[in-house]
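Here is how the chains run, residue by residue.
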Amino acid sequence: MRVGVIGLGNMGEGVARNLLKSGREVVVWNRSSAAVDALVDAGALKACDPAEAFQTEVVFSMLSQDDVIEEVVVGSGALQKAAAGATHVNLSTVSLAFADRMEALHQERGLSYVAAPVLGRPDVAAAGQLNVLCAGEPSGVARATPLLELFAKQVWPLGDRASNANVVKLACNFALASMIETLGEAGALVDGYGVEPERLYEIMTGTLFAAPAYKTYSGLIAERKFSPAGFKLPLGLKDVRLALAAGEASQTPLPIASVLRDAFIEAIAQGDQDKDWSALAAGAFRRAGRPLD
């Protein structure tokens, strides 16, 4: 089976390398050539444009946001030139309206569209241990699942409507952002009384919140390890905005998401736009007059 991968950033590269390890023929495309060259050295085939990557049975895309996917997949003509009966698996976090539109565009052309946004950071992608949220046209999901399992710890099926996977991903990222902000505020509180935030995080992750996400992010905050970014702050802001839009569309109030949106905007205004989104927590210390930097 020939497999295409479009988008070789922090996450896409890990996906492509795990597909290569399976012995499959992997065709890769990326805007910057350095990432492509590195994968070619590992055994991948270079696509000259996105349309060439779509000349495969299954093509994965891992691009940053709706307008970029629109440009690369639709605007470039790649979708119109896709191999007959191909399955497109979109690993990105996108708006629900965009997911519905992409699903319809694929159906018009006799193609399968599968939404498969992932939970995990770049190191998890490289290790092939992502959690994948998967929804879409059943035959496409069936075709994609064995490939998803090559870089997934678990694949979570979420039905026939592609946007189901996207709303679950938005809910998860909203909860993660809430956790990061809470860790920052809780750390700033104990810091104001002379207790090291690191000690608080050690207690929290050893008792009440002994979960991987809490351990990962409390460690990043305690160590001020905000660079290099695994997931940049502006992408966190994007996802919170998408969650708010999804809430508005379904008449679901998300008051905490509104607070998070402003906290992200504040962090970016303070010059943290190139930092990991865990730097959102630094805003709580900054507002308390005890910045982490």
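Anything mentioned here points back to the structure above.
Remember, it's a predicted structure, so these values are computed and weren't measured experimentally. (Residues numbered from 1 in each chain as written. Predicted model: local features only at pLDDT ≥ 70, side-chain atom pairs only at ≥ 80, totals over all residues. Heavy atoms only, no water.)

Observations concerning the overall build of the chain
In step 1: Check the secondary structure of the chain and you find 13 helices and nine strands.
In step 2: The globule rule puts the C-alpha radius of gyration for 293 residues at 19 Å, and the 20 Å found for the chain is close to it.
In step 3: Principal-axis analysis of the C-alpha atoms places the extent of the chain at approximately 65 × 45 × 35 Å.
In step 4: Buried residues in the chain amount to 51% of all 293 residues.
In step 5: Long-range contacts, defined as pairs at least 24 residues apart, comprise 67% of the intrachain contacts of the chain with a sequence gap of at least 6.
In step 6: Just so you have it, the chain exposes about 12900 Å², and 55% of that area is on carbon and sulfur atoms. (Helix = DSSP H or I, 4+ residues; strand = E, 2+ residues; numbered from the N terminus. Rg over C-alpha atoms; globule rule 2.2 N^0.38 Å. Buried < 20%, exposed > 50% of the residue type's maximum accessible area, 1.4 Å probe, protein only. Contact = heavy atoms within 4.5 Å. Areas by Shrake-Rupley, 256 points an atom, 1.4 Å probe, with all protein chains shown as cover.)

Re the side chain of Asp 239
In step 1: Secondary-structure assignment places Asp 239 in helix H11 (residues 233–249).
In step 2: In this structure Asp 239 comes out as buried when scored by relative accessible area, which is 3%.
In step 3: Other than its neighbours up to four places away in sequence, Asp 239 contacts Thr 93, Leu 170, Asn 173 and Phe 231.

Observations concerning the environment of Leu 63
In step 1: Note on placement: Leu 63 falls in the loop between strand S4 (58–61) and helix H4 (66–75).
In step 2: Between the C-alpha atoms of Leu 63 and Thr 93, which are 30 residues apart in sequence, the distance is 8.6 Å.
In step 3: Here Leu 63 is in contact with Ile 6, Gly 7, Val 68, Ile 69, Val 72 and Ser 92, once residues within four sequence places are set aside.

Things to note about helix H1 (residues 12–21)
In step 1: Taking burial as the measure, the 10 residues of H1 include seven buried ones, the bulk of the element.
In step 2: Within the sequence span of H1, burial applies to Gly 12, Gly 14, Val 15, Ala 16, Asn 18, Leu 19 and Leu 20.
In step 3: Where H1 ends, the next residue or the one after it, Gly 23, has phi of about 90°, a positive value.

A short note on helix H12 (residues 255–269)
Because each turn of an α-helix spans 3.6 residues, side chains separated by three or four positions in sequence point in the same direction.
In step 1: Its 15 residues give H12 an end-to-end C-alpha distance of 22 Å, which sits within 8% of 21 Å, the value for a rise of 1.5 Å per residue.
In step 2: Among all positions of H12, only Ala 257, Leu 260, Ala 263, Phe 264 and Ala 267 are buried. Seen along its axis, H12 keeps its buried residues to an arc of 115°; they face one direction. Residues of H12 that are exposed and point over 90 degrees away from its buried face: Pro 255, Val 259 and Ala 269.
In step 3: Along its buried surface, H12 packs onto helix H8 (163–191), H11 and helix H13 (282–287). (Expected span 1.5 Å × (residues − 1). Arc of directions from axis to C-beta.)

A closer look at the state of the cysteines
In step 1: Enumeration according to the criterion identifies zero disulfides in this entry.
In step 2: You can see Cys 134 has no disulfide; the closest cysteine sulfur is in Cys 172, sitting 15 Å from it. (Disulfide = S-S within 2.5 Å.)

Considering the nonpolar core
In step 1: Grouped together as the largest cluster of nonpolar side chains are 36 residues, with contacts concentrated most on Tyr 201 and Phe 264.
In step 2: Put simply, the parts of the chain that give this core at least two residues each are H8, helix H9 (197–206), helix H10 (212–222), H11, H12 and H13.
In step 3: If you tally residues by element for this core, the top one is H8, at eight residues.
In step 4: When residues no more than four places from it in sequence are discounted, the contact partners of Phe 264 are Ala 177, Leu 233, Gly 236, Leu 237, Val 240, Trp 277 and Leu 280.
In step 5: Grouped together as the second largest cluster of nonpolar side chains are 33 residues, Met 11, Val 26, Val 114 and Val 141 included. (Core = buried A, V, L, I, M, F, W, Y, C linked by side-chain atoms within 4.5 Å.)

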